[in-house]
Amino acid sequence: KHQMVKVVNVPSPILKLSKLNSSTLLVGCLNGLYLYINEKFELLNNPNWLPETRINSIVIYGDKVFVLTDGKGLLIFEKNMERFKHYQNNLSSSVNCIQLVKDSVVWLGSNEGLFKALLSKKEGFKVVLKLTTYDGLPSKEINDVKTFNTDLVIATNNGVSIFNDN
């Protein structure tokens, strides 16, 4: 006996999925970010450029939703998805990956290097460090970044780097 798979059509190729809550999925597409609720897709159109933007990744951490884009930097939504902050200053426009450390440190891999940012209620999001090939990375294009023991492991097209931030 075979199980039937239900196919749900979405107007754009899907790149990333993330569970927002028990009734909602966030769907990152080639052109935009959708909410999937009650078997229907709802395109988020705030900010107004979001429907034309490729979503590289969606990470939910605590009460925040981090949306990494190709060409528009980083969006941080509140978990209710009603309010957001957009960060592109001092940050590459294409953000490929994210690693959160504790509640206040964010590492972002981009096509222009690795960025360390601090999150705080007072200052919001502040880039405090940028690592590139000048600092010893084998490539400026960062594909992934993860914490491992006390180090940061950085994956690039030209190899892996190990970085200790202490």
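Structure's up top.
My aim in this report is to walk through the structure given alongside it, one point at a time. (Residues numbered from 1 in each chain as written. Predicted model: local features only at pLDDT ≥ 70, side-chain atom pairs only at ≥ 80, totals over all residues. Heavy atoms only, no water.)

1. Considering the side chain of Gln99
Considering the arrangement of structural elements, one finds Gln99 in strand S9 (residues 95–101). Judged by its relative accessible area of 13%, Gln99 is buried. Among the polar contacts listed, one links the side chain of Gln99 to the backbone nitrogen of Thr147, at a separation of 3.4 Å. Not counting residues within four places of it along the chain, the set of residues in contact with Gln99 comprises Val105, Val106, Trp107, Val145, Lys146, Thr147 and Leu152. (Helix = DSSP H or I, 4+ residues; strand = E, 2+ residues; numbered from the N terminus. Buried < 20%, exposed > 50% of the residue type's maximum accessible area, 1.4 Å probe, protein only. Polar contact = N/O pair within 3.5 Å; in protein donor to acceptor, adjacent residues only side chain to side chain. Contact = heavy atoms within 4.5 Å.)

2. Some details on the sheet that holds strand S6 (residues 64–70)
Across the sheet, which stays open at both edges, the four strands sit in the order S5-S6-S7-S8 with antiparallel pairing between neighbours. The sheet is open, and its two edges are formed by strand S5 (54–61) and strand S8 (84–87), each paired on a single side. Shown here is a sheet whose adjacent strand axes are inclined to one another by a mean of 20°, direction ignored. Pairing of S5 with S6, which is carried by seven bridges, proceeds in the antiparallel orientation. Looking at the pairing, Tyr61 lines up with Lys64 of S6. (Pairing = 2+ DSSP bridges. Axes fitted to C-alpha atoms, helices over the stretch in contact; angles between N-to-C directions.)

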